[in-house]
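Spelled out, the chains give:
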Amino acid sequence: MDFALTEEQTAIFDMAHAFGQEHIAPHARQWEAEGSIPKDLWPRIGELGLGGLYVSEESGGSGLSRLDATLVFEALSMACPSVAAFLSIHNMCAKMIDSFGSDDLKARVLPKAVSMETVFSYCLTEPGSGSDAAGLKTRAAKTNEGYRLTGTKAFISGGGYSDAYIVMCRTGDDSPRGISAMIVDDGAEGLSFGGLEDKMGWKSQPTRQVQLDDCLVPAENLLGAEGSGFKYAMAGLDGGRLNISACSLGAAQSGLNLTLDYMGERKAFGQPIDQFQALQFRLADMEINLQAARVFLRQAAWKLDSGAPDATPACAMAKKFVTETGSQVVDQCLQLHGGYGYLADYGIEKLVRDLRVHQILEGTNEIMRVIVARHLLKNR
């Protein structure tokens, strides 16, 4: 059993880390204050091949594995987990188009998605359907031109900011088999957005409701087959759970690195505080937990890449464990900074705020437990 990264994987991590430290980290606080990420960042990320991480090479993407992708998100989140997580959402959409789109749709849409000239958002959640995603109410009525969509999507990262949206909507009955997926372009007739949400974290990501009022969608913007949208939406979630876990891991590692530096400089009772054994034990616990989380995450990614029969529960377990570990670690980092950790200048409080939502999105950690429990009961 080989736990070492290949030379190519190490290069992928180093490339993403270097880009993040140069082009994202110095601006993360400013972007948070402004509530937006500059649009010109994305084409630069696209030039590195990060706009279509697991889009097939035949479709113009990078064709990387899910394990490779976790390295990218771990590295980028060391600069800013909010920016890294937004890139994960875009990649989930690009993969859906590559996997399920018609040849015509892929030819029209994928090149600009991969280059990130077109930035995508994912629209599944509604005000009344979160964990019960199959209970969505947004409805698409068929017309001679295509479809007319009516409904509201909630908590949409990139709402009013992105160039296009993959919207899950109901074209049939009230079961999951009645749900389809469609691409709604920014500027479409009947598309509007709610007010900017004032969030605890992920503040650089503009988040709004996406409102569809008899919104016109051409027939050629249907993704795949009618009635398969829920299946498509769920297909991307295992990978999305790995990505958000990687964002927690990288950000928590960054927090620990900052804390180690701080504790070597901060003195109390005549010596640096990293010389107190009680505090050393807390550092050791954080390192142990992060290393355990890293191995768990990469094993789950390997299972997903290899098509293991337990890949879905493995991704669920990793998501639950890694996101909770990340939040616990950055909370301890804040504590070890003392009062300074509560100040924005030291960068720790932002990590605490940004990572908290990772236990909620891509399926709440309660739903992760449901997935694992069902797997256990089914196989007993």
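Residues numbered from 1 in each chain as written. Predicted model: local features only at pLDDT ≥ 70, side-chain atom pairs only at ≥ 80, totals over all residues. Heavy atoms only, no water.

Draft legend 1. Region of interest: unusual backbone geometry. Not every positive phi belongs to a glycine, and Asp 214 is a case in point at roughly 55 degrees. You can see Asp 214 is positioned in strand 7 (residues 207–218). What makes Asp 214 partly exposed here is its relative accessible area of 40%. Backbone geometry at Phe 269 places phi at a positive 55 degrees, although glycine is not the residue there. Mapped onto the fold, Phe 269 is located in the loop between strand 9 (267–268) and strand 10 (271–272). (Helix = DSSP H or I, 4+ residues; strand = E, 2+ residues; numbered from the N terminus. Buried < 20%, exposed > 50% of the residue type's maximum accessible area, 1.4 Å probe, protein only.)

Draft legend 2. Here's a closer look at the state of the cysteines. One pass over the structure, following the stated rule, counts 0 disulfides. The cysteine Cys 93 is free of any disulfide, with Cys 123 supplying the nearest cysteine sulfur at 7.8 Å. Judged by relative accessible area, Cys 93 falls into the buried class, the value being 0%. (Disulfide = S-S within 2.5 Å.)

Draft legend 3. Seen up close, the nonpolar core. Core analysis: the biggest nonpolar cluster contains 66 residues, and Ile 24, Leu 41, Trp 42 and Leu 76 have the highest contact counts within it. When residues of this core are assigned to their parent elements, the largest contribution, 10 residues, is made by helix 8 (residues 237–265). Not counting the four nearest positions on each side in its chain, Leu 76 is found in contact with Ala 16, Phe 19, Gly 20, Ile 24, Leu 50, Ala 84 and Leu 87. Counting residues in hydrophobic clusters, the runner-up holds 29 residues, among them Ala 133, Ile 166, Ile 179 and Ile 183. (Core = buried A, V, L, I, M, F, W, Y, C linked by side-chain atoms within 4.5 Å. Contact = heavy atoms within 4.5 Å.)

Draft legend 4. Geometry of the layout of surface pockets. The volume enclosed by the largest pocket comes to roughly 1,300 Å³. Looking at the largest pocket, it is lined by 45 residues, and the ones nearest its centre are Thr 125, Ile 360, Leu 361, Glu 362 and Gly 363. Elements represented by at least two residues in the lining of the largest pocket include exactly helix 5 (81–100), strand 3 (146–157), helix 7 (229–235), helix 8, helix 10 (311–337), helix 11 (348–356) and helix 12 (365–378). If one sorts the elements of the lining of the largest pocket by residue count, helix 12 sits on top with 5 residues. Of the residues contributing to the lining of the largest pocket, the split by class is 24 nonpolar, 11 polar and 10 charged. As a volume, the second largest pocket reaches approximately 380 Å³. If you trace the second largest pocket, you find 13 residues lining it, with Asp 2, Phe 3, Arg 298, Gln 299 and Trp 302 closest to the centre. (1 Å grid on protein atoms, 1.4 Å probe; cavity = no way out; pocket = protein on both sides within 12 Å on 5 of 7 lines; lining within 4 Å. Points joined across faces, edges and corners; volume = space filled by probe spheres on them. Nonpolar A, V, L, I, M, F, W, Y, C, P; charged D, E, K, R; others polar.)

Draft legend 5. Structural detail: a nonpolar patch on the surface. A surface patch of nonpolar side chains, amounting to about 430 Å² of accessible area, comprises Met 1, Phe 3 and Val 295. As for its position among the elements, Met 1 is in the segment before helix 1 (7–23). The class of Met 1 is exposed, set by a relative accessible area of 92%. (Patch = residues over 30% accessible without salt bridge, like charges linked within 9 Å, V, L, I, M, F, W, Y side chains within 5 Å. Areas by Shrake-Rupley, 256 points an atom, 1.4 Å probe, with all protein chains shown as cover. Salt bridge = Lys/Arg side-chain N within 4 Å of Asp/Glu carboxyl O.)

Draft legend 6. Representation of the side chain of Glu 362 in the model. Within the secondary structure, Glu 362 sits in the loop between helix 11 and helix 12. Look at Glu 362: it is buried, it has no salt bridge, and the nearest opposite charge is Arg 241 at 5.7 Å. Setting aside anything within four residues of it in sequence, one finds Glu 362 in contact with Met 92, Leu 237, Gly 240, Arg 241, Ile 244, Lys 319 and Met 368. (Lys, Arg positive; Asp, Glu negative; His and termini not counted.)

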